[in-house]
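# Structure assessment
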Amino acid sequence: KMVFATQRSIITKFPHIIFEEETDQCSLLCYHLLRHCATFVKEVREEAIASIYLLMRQNYESVGSFSRVKIQLTIALSRLRSDSTDTSKNCSDAYLKKSLITLENYAANDADVFKTRFPDQVKEVSKNLRDIMRDTVRMNEVKKDKDCAMRVDLMYRIAKGYQNSPALRITWLKSMANEHEKNGAKCEAAMCFIHAAALISEYMYMVEYQPQLPQGCIAFAKISPNVLQECAIIAMC
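All figures in this text were calculated on a predicted structure; none of them were measured in a lab.

## Regarding the overall build of the protein
Counting its regular elements, the protein contains 12 helices and zero strands. Shown N-terminal to C-terminal, the secondary structure of the protein runs as helices and strands in the order α-α-α-α-α-α-α-α-α-α-α-α. Expected size for 237 residues packed as a compact globule is a radius of gyration near 18 Å; at 19 Å, the protein falls within 12% of this value. On the principal axes, the C-alpha backbone points of the protein span a range of 55 × 45 × 30 Å. Put simply, the protein has 237 residues, and 45% of those count as buried.

What follows is the structure in structure tokens.
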């Protein structure tokens, strides 16, 4: 308890370390807090999810949104899913899901933010993380299944779940393209790569305008209007 209390105290006194400077500190903190939300020790889970809630609320109060924490929690979940040692030996999906539901309850019962969009945004993040967990587990179950349509559908849902984390979304778009190509669906594979290119273009345009490059995902809209899904405003909301 003292460790978590100290962590929360540091964030309260020095919020700029997490919310304004480089993302490394926020990334590491979100990863370890989320990992402890899946532990078998109830007291540790309770402290960890309380820390995540306060982290989200402090981020929201500092800049009017908690996009940074939301993105880093999504990345942290991806790391947990790919880390077989942590996932199999020290973590429980069931406990992590319960912790995320507790997160929603904190927001719903917090009188200070009751009239803001904060509770709904917390609920949305919690649901998105749980959906990613469910679809990733299902994806592992159907890897050798002959039903390629089901695999592609799961890949699409997982990629959509990672919409606020461009690097992870691109990874899953490429996986989906490879699956399509393997099944001879070259047009569908090409569309996946177009979405990835549009997403990269959108973020490059957002960071620094260069006239010789496409001006964001709108430049790809003539190929397919669906690429507008990659708009950075949608991805960051």
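More follows now that the structure is in view.
## Concerning helix H10 (residues 166-182)
Spanning 17 residues, H10 covers 24 Å between terminal C-alpha atoms, matching the ideal 24 Å at 1.5 Å per step. Listing the buried residues of H10 in full gives Leu168, Arg169, Ile170, Trp172, Leu173, Met176, Ala177, Glu179 and His180. The secondary structure elements touched by the buried residues of H10 are helix H5 (67-82), helix H8 (118-141), helix H9 (148-161) and helix H11 (186-207). Phi for Gly184, located one or two positions after H10, is positive at around 80°.

## Some words on the pattern of salt bridges
Should the charged atoms of two oppositely charged side chains come close, the side chains can pair. Taken as a whole and judged by the stated rule, the model has 15 salt bridges. Salt-bridge contacts for Glu47 lead to Arg8; the nearest nitrogen and oxygen are separated by 2.8 Å. Here Glu47 is found in helix H4 (residues 42-63), whereas its partner Arg8 is found in helix H1 (residues 2-13), with 39 residues between them in sequence. Between Arg138 and Glu141 there is a salt bridge whose closest N-O contact spans 3.1 Å. Placement of the pair is Arg138 and Glu141 together in helix H8, with a separation of three residues, close to one helical turn. For Arg138, a relative accessible area of 33% corresponds to the partly exposed category.

## As for the environment of Ala50
For Ala50, the position within the fold is in helix H4. As a C-alpha pair, Ala50 and Ala5 span 45 residues in sequence and 10.0 Å in three-dimensional space.

So, how was this worked out
Residues numbered from 1 in each chain as written. Predicted model: local features only at pLDDT ≥ 70, side-chain atom pairs only at ≥ 80, totals over all residues. Heavy atoms only, no water. Helix = DSSP H or I, 4+ residues; strand = E, 2+ residues; numbered from the N terminus. Rg over C-alpha atoms; globule rule 2.2 N^0.38 Å. Buried < 20%, exposed > 50% of the residue type's maximum accessible area, 1.4 Å probe, protein only. Expected span 1.5 Å × (residues − 1). Contact = heavy atoms within 4.5 Å. Salt bridge = Lys/Arg side-chain N within 4 Å of Asp/Glu carboxyl O.

Coordinates in, geometry out; function isn't part of it.
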